[in-house]
Amino acid sequence: MKMNLSLYSVNAFLILDAEGHRVLAKYYRPKGHPQGESKDLLTLKDQRAFEKGLWQKTKKPGADIILYDGRLAVFRHSLDLIFYIIGGATENEIMLYSALTAFSDAVHLLLRNQVEKRAVLENLDIVLLCLDETIDDGIIVETDSTTIASRVSRPKADTTEIVINEQTIMNAYQTVREKVQQRIQQL
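Residue positions are given per chain, counted from 1 along the sequence in the order it is written. Restriction of local features to residues with pLDDT of at least 70 applies here, the model being predicted, together with a cutoff of 80 or more for giving and counting side-chain atom pairs; totals for whole chains, interfaces and linings are based on all residues. Side-chain descriptors were evaluated using all non-hydrogen atoms of the structure, hydrogens and water having been removed beforehand.

Going by the annotation in an unreviewed UniProt entry, the name recorded for the protein is Coatomer subunit zeta, with Suillus placidus given as the source organism. UniProt positions are given in the numbering used here, feature names are shortened, and annotations may be inferred rather than shown by experiment. Regarding the protein, the relevant UniProt record gives this comment under Subunit (unreviewed entry): "Oligomeric complex that consists of at least the alpha, beta, beta', gamma, delta, epsilon and zeta subunits." Turning to the protein, the UniProt record has this under Sequence similarities (unreviewed entry): "Belongs to the adaptor complexes small subunit family."

Given below as structure tokens:
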């Protein structure tokens, strides 16, 4: 059996709703992959058919890993959504699951445990940034949810901003002037 020693372990990331409709889908076809660019699931029609069949097999909570259509699917239910990471049949399912868990936990942290379809759509920018911090072009780059969340989080609204106006510039000028005069007097 040939071992897969490539960093490109993720073929797709999906979020489907309770009815099996696509909320978010990102398919990875890296040109630098050792086996060449993937020819699978190129058309929207093929992708939708794959997603519908996958949803049919995973819509009921219970298991979290399934081999479907020659691919390994790791998934996690969250209220009215299902998160999926799809990899090749020979991929390390523990690595895929740890990436999915990190992504899911980071989204839960950032959305304050309000991970439902409406909240994900309203905060799609944050969700996509979390995804990009977790998976880059099919390569899992981070599996720590707090690290992902900290890289994505918005700055707090109550932080004080430094205001530079004429008064602060004049104060700085006056301070520099006094220091220069003191130095001159010391000489």
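Alright, that's what it looks like, and here's the rest.
**Quick notes on the side chain of Thr134**
Numbering goes from the N terminus for both helices and strands, where a helix is a DSSP run of H or I of at least four residues and a strand is a run of E of at least two. Turning to its location among the elements, Thr134 is positioned in helix α4 (residues 124–134). Contacts: residue pairs with any heavy atoms within 4.5 Å of one another. Sequence-distant contacts of Thr134, defined by excluding residues within four places in its chain, comprise Ala99, Phe103, Ile139, Ile140, Val141, Glu142 and Ile148.

**Things to note about the pattern of salt bridges**
Take a side-chain nitrogen of Lys or Arg and a carboxyl oxygen of Asp or Glu: if they are within 4 Å of each other, that pair is a salt bridge. Counted by the stated rule, this structure contains 9 salt bridges. Taking the shortest distance from any N to any O, the salt bridge between Arg76 and Asp105 comes out at 3.3 Å. Separated by 29 residues along the polypeptide, Arg76 in strand β4 (residues 71–78) and Asp105 in helix α2 (residues 93–110) bring together distant segments of the chain. In this structure, Arg118 and Glu116 form a salt bridge, with 3.1 Å as the shortest nitrogen-oxygen distance. Buried means the residue's accessible area, taken with a 1.4 Å probe over protein chains only, is under 20% of the maximum for its type, while exposed means over 50%, and partly exposed covers the values in between. Take Arg118: its relative accessible area is 49%, and that puts it in the partly exposed class. Three or more residues joined by partner-sharing salt bridges are found here, namely Glu116, Arg118 and Glu122.

**Re the pairing of β4**
Taken across its 8 residues, β4 has 6 buried, putting it largely inside the fold. The pairing of strand β3 (residues 65–68) with β4 spans 4 bridges and is classified as antiparallel. Looking across to β4, one finds that Tyr68 is bridged to Arg71. In this antiparallel pair of consecutive strands, β3 and β4, the connection spans 2 residues, and Asp69 shows a positive phi of 55 degrees. Only strands that DSSP links by at least two bridges are regarded as paired with each other. Here β4 runs beside strand β5 (residues 81–88); their pairing, made up of 8 bridges, is antiparallel. When the bridges of β5 are listed, His77 appears paired with Ile82.

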